[in-house]
Amino acid sequence: MITDDILLENGYRKFNDNLYNAQALFQKKIKDEKGIKYFIDIYKYTFKVNDYIPDYEIRLVSETDNYAIDILIYATGNKMKVDEIEKEVERIWSVLDLNYYEED
């Protein structure tokens, strides 16, 4: 399960979202010794149809040498924990051989 507090406790920063009309954007920078690999963006939405239980969508925006890619993970039903989401995003980034956002 994901909540705002859990995201903040796990190193995410909260921002106002102007791009996807979400209630909030939570973002975490993923780095290693080579530089910034990518950012995990988690958008919070609350809808009347779900008894106002927040739903979170996860985005990975990155590039290869030939194109940019925007991956959306949604409909998790809040079944995934933050560490599971982070492992899945890392797996996707690695398998697709995506570029670093910024190398040192």
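Everything that follows concerns the structure shown earlier in this document.
Residues numbered from 1 in each chain as written. Predicted model: local features only at pLDDT ≥ 70, side-chain atom pairs only at ≥ 80, totals over all residues. Heavy atoms only, no water.

Participant: Looking at this structure, how should I read the nonpolar core?
Facilitator: Looking at soluble globular proteins, one finds that nonpolar side chains tend to be buried together. Core analysis: the biggest nonpolar cluster contains 21 residues, and Leu7, Ile40, Ile42, Leu60 and Val89 have the highest contact counts within it. Of all the secondary-structure elements, those providing two or more residues to this core are strand E2 (24–32), strand E3 (35–45), strand E4 (55–63), strand E5 (68–73) and helix H2 (82–95). Top contributing element to this core by residue count: H2, with five residues. Residues within four places of leucine 7 in sequence aside, it is in contact with Ile2, Tyr12, Phe26, Ile42, Tyr56 and Val82. (Core = buried A, V, L, I, M, F, W, Y, C linked by side-chain atoms within 4.5 Å. Buried < 20%, exposed > 50% of the residue type's maximum accessible area, 1.4 Å probe, protein only. Helix = DSSP H or I, 4+ residues; strand = E, 2+ residues; numbered from the N terminus. Contact = heavy atoms within 4.5 Å.)

Participant: Hey, could you run me through the pattern of salt bridges in this one?
Facilitator: Where charged atoms from two side chains of opposite charge approach closely, those side chains can pair. In this structure the tally under the stated criterion is six salt bridges. Note that lysine 28 is salt-bridged to glutamate 86, the shortest N-O span being 3.0 Å. Here the residue lysine 28 occupies a position in strand E2, and glutamate 86 occupies one in helix H2, the gap between them amounting to 58 residues. A residue is classified by how much of its surface remains accessible, and lysine 28, at 18% relative accessible area, is buried. Its salt-bridge partner being glutamate 88, residue arginine 91 comes within 2.7 Å of it at the nearest N-O pair. (Salt bridge = Lys/Arg side-chain N within 4 Å of Asp/Glu carboxyl O.)

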